[in-house]
Amino acid sequence: MLPGQSDLFDIPKGVAYLNCAYMSPLMHSVVEASSAGLARKARPWEITSDDFFEQTEILRGLAARLFCCTADDVALVPSASYGIETAARNQPVARGKKILVLAEQFPSHVYPWRRVASESGAEILTVGWPEDGDWTSAVLRVLDDSVAIAALPHTQWTSGGLLDLERIGRECRRNGTALVLDLTQSLGAYPFDAEKVQPDFAVAAGYKWLLSPYSTGILYVAPKWQQGRPLEDGWVQRDNARRFAELIHYTGGYLPGARRFDMGEHSNFALVPAVIAAVRQILDWGVEEISQSIGGLTRRLIERVGPAAVPEQFRAPHYLCLRGAASPSPALLSRLADERIYVSVRGASIRVTPHVYNSTHDVDRLAEVLLRL
Ligand SMILES: Cc1ncc(COP(=O)(O)O)c(C=O)c1O
């Protein structure tokens, strides 16, 4: 387990912030990197054309280490929605085929697929909440060659259920099914390996488990889709983008790899250095170590106030949803906030998502108040 890391964050004593799945706090180093980046724009004469690309290439390389892919496979995007939309616009779906989603899946990973289904004459197939909590088996039971796209997460966000993406990926390849992943609730806190899973697209928004500012995100695009159509047709994705004086020599070519899918103005001088600082720290800690450390905290809570919404063998260690017989009372969150304890309610679950800035003391305080209430 990693030792407590709260000193790296701006969390006052007495605050038990157990809500990373909502939005992470930022480390001091991340805020400093962002402030310094913002201040650069006060002196634009010091910003060169190379500066538009150097930092983003560093970030691409770091993101590649999180995905386990090459830097060429990474695009820089502002949100999970943007990445999923990129995937949705590049996936051919034949009439009568199916697009697979999970019950209670996050809306940004449902609405685009509903649109694609209605435009192409395909059908949405929703995997119901499994009685035994095993989302992987529930997916594998319905995954056959009638499924054109499996649009899935690694962690189902209202249950904390973990999907075995390597097994699902293998089955997708056997059936000719494209695999489009929303890793927003897992990347950075649970190991992922694009080489083993072989998804077609995988996106993660930055502001949760990547400990980054809002409006940042990273998108993995498999090599076979890297000739696809980006959402935007701007200048910065083009093969002459680094030569500012020549931008009006319009070109049909793009920068190599997944760079054509980068968002416009991806060189954001305030945000990119911040994400770099955050991802460097995550890689220094190690994703496996982060996962184990958070897992120790969530298991401690289950021992005191369990059960979890899904059994331990099917649960993501970093992500705990407590689901009792009755839905949580609407007053619960404000009663907890009175004690300076912060969690979320999602669906019928109380969602508790600590990180390495939390201590066993935070978890014990939450347990004590939940039992009292
Ligand atoms: C599973 C999941 N995906 C994506 C998002 C965020 O989506 P976007 O970046 O499009 O706002 C959230 C936010 O709660 C989420 O829980």
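Fair warning: this is a prediction, and the values are worked out from it, not measured in the lab.

Scoring rules and cut-offs
- Residues numbered from 1 in each chain as written.
- Predicted model: local features only at pLDDT ≥ 70, side-chain atom pairs only at ≥ 80, totals over all residues.
- Heavy atoms only, no water.
- Helix = DSSP H or I, 4+ residues; strand = E, 2+ residues; numbered from the N terminus.
- Expected span 1.5 Å × (residues − 1).
- Buried < 20%, exposed > 50% of the residue type's maximum accessible area, 1.4 Å probe, protein only.
- Contact = heavy atoms within 4.5 Å.
- Near = heavy atom within 4 Å.
- Areas by Shrake-Rupley, 256 points an atom, 1.4 Å probe, with all protein chains shown as cover.
- Nonpolar A, V, L, I, M, F, W, Y, C, P; charged D, E, K, R; others polar.
- Pairing = 2+ DSSP bridges.
- Axes fitted to C-alpha atoms, helices over the stretch in contact; angles between N-to-C directions.
- Polar contact = N/O pair within 3.5 Å; in protein donor to acceptor, adjacent residues only side chain to side chain.
- Patch = residues over 30% accessible without salt bridge, like charges linked within 9 Å, V, L, I, M, F, W, Y side chains within 5 Å.
- Salt bridge = Lys/Arg side-chain N within 4 Å of Asp/Glu carboxyl O.
- Phe/Tyr/Trp six-rings, centres within 6.5 Å; stacked < 30°, edge-to-face > 60°.

S.K.: Quick rundown of helix α11 (residues 360–372)? Include the residues and the values.
M.R.: The terminal C-alpha atoms of α11, which comprises 13 residues, lie 18 Å apart, in line with the 18 Å expected from a rise of 1.5 Å per residue. Among all positions in α11, only Asp-362, Val-363, Arg-365, Leu-366, Ala-367, Val-369 and Leu-370 are buried. Looking at the buried positions of α11, the neighbouring elements they touch are β1 (16–17), α9 (287–305), β9 (320–322), α10 (332–338), β10 (341–342) and β12 (349–352).

S.K.: Which residues make up the site of the ligand, and what values do they have?
M.R.: The immediate surroundings of the ligand are formed by Ser-79, Ala-80, Ser-81, Phe-106, Ser-108, Trp-157, Asp-182, Thr-184, Gln-185, Ala-205, Tyr-207 and Lys-208. Calculation on the ligand without its partners gives an accessible area of 400 Å², and the protein chains cover 88% of this total. In terms of residue class, the shell around the ligand is built from five nonpolar, five polar and two charged.

S.K.: Run through the pairing of β12, naming residues and quoting values.
M.R.: Residues Ser-349 and Arg-351 point to one face of β12 and Ile-350 and Val-352 to the other, with burial holding for every one of them. Pairing analysis gives three bridges linking β9 to β12, with the strands arranged antiparallel. In the strand pairing of β12, Leu-322 is matched with Ile-350.

S.K.: Kindly report on the sheet that holds strand β11 (residues 344–346), identifying the contributing residues and their values.
M.R.: Within the open sheet, the three strands sit side by side as β9-β12-β11. Their pairing is antiparallel. The open sheet terminates on both sides in strands that have one partner only, identified here as β9 and β11. For this sheet, the mean angle separating the axes of adjacent strands, direction not counted, is 35°. Two elements, β11 and β12, share three bridges in a ladder whose sense is antiparallel. Bridge assignment links Val-345 to a residue of β12, and that residue is Ile-350. Of the strands in this sheet, β9 and β12 touch α9, which is tilted by about 15° from β9.

S.K.: Would you mind going over the environment of Gly-96 in detail, with residue names and values included?
M.R.: With respect to the helices and strands, Gly-96 occurs in the loop between α3 (80–90) and β3 (98–102). Take Gly-96: its relative accessible area is 52%, and that puts it in the exposed class. Taking the C-alpha atoms as reference points, Gly-96 and Ala-148, 52 residues apart in sequence, are found 9.6 Å from one another. With residues near it in sequence (within four places) discarded, Gly-96 still touches Gly-121 and Ala-122.

S.K.: Which residues make up the side chain of Asp-262, and what values do they have?
M.R.: Looking at the secondary structure, you find Asp-262 in the loop between β8 (217–221) and α8 (272–285). A polar side-chain atom of Asp-262 sits 2.9 Å from a polar atom in the side chain of Arg-60.

S.K.: Break down the pairing of β8 for me, with residues and values.
M.R.: Regular strands place their side chains on alternate faces of the sheet. Along β8, five of the five residues are buried, which leaves the element largely enclosed by surrounding structure. Burial of β8 is two-sided: the residues Gly-217, Leu-219 and Val-221 facing one way and the residues Ile-218 and Tyr-220 facing the other way are all buried. Examined bridge by bridge, strand β2 (residues 74–77) and β8 share four bridges and lie antiparallel to one another. Across the sheet, Ala-75 pairs through a bridge with Leu-219, a residue of β8. Where strand β7 (residues 201–205) meets β8, five bridges bridge the pair, whose relative direction is antiparallel. Bridged to Ala-205 within β8 is Gly-217.

S.K.: Which residues make up a nonpolar patch on the surface, and what are the values?
M.R.: There is a patch of nonpolar side chains on the surface, built from Tyr-22, Met-23 and Tyr-214 and spanning about 320 Å² of accessible area. Position of Met-23 relative to the elements: it lies in the loop between β1 and α1 (28–40).

S.K.: Please provide a residue-by-residue account of the packing of aromatic side chains, values included.
M.R.: Per the counting criterion, the structure on display carries 12 aromatic pairs. With centroids separated by 6.4 Å and ring planes inclined at 65°, the aromatic side chains of Phe-52 and Trp-235 adopt a geometry described as edge-to-face. On the criterion of sequence distance, the pair formed by Phe-52 in helix α2 (residues 51–67) and Trp-235 in the loop between β8 and α8 is long-range, its members being 183 residues apart. Given the relative accessible area of 39%, Trp-235 is considered partly exposed. Ring plane angle 75° and centroid distance 6.4 Å describe the contact between Phe-67 and Phe-192, whose orientation is recorded as edge-to-face. Placement of Phe-67 in helix α2 and of Phe-192 in the loop between β6 (178–182) and α7 (194–197) is noted, with a sequence separation of 125 residues between them. Of the two residues examined, Phe-67 and Phe-192, each falls in the buried class. Taken together, the ring pairs connect Phe-52, Trp-235, Phe-244 and Phe-269 into an aromatic cluster.

S.K.: I'd love a proper account of unusual backbone geometry, names of residues and values included.
M.R.: Comment: phi is negative for the bulk of residues other than glycine, and the bulk of peptide bonds are trans. Residue Pro-307 is reached from Gly-306 by a cis peptide bond, and omega for that bond is 5°. Its location among the elements puts Pro-307 in the loop between α9 and β9. Even without being a glycine, Cys-68 presents a positive backbone phi close to 65°. Residue position: Cys-68 is located in the loop between α2 and β2. Despite not being glycine, Leu-211 shows a phi value in the positive range, around 55°. Assignment of secondary structure puts Leu-211 in the loop between β7 and β8. Overall, Leu-211 belongs to the buried group, its relative accessible area being 0%.

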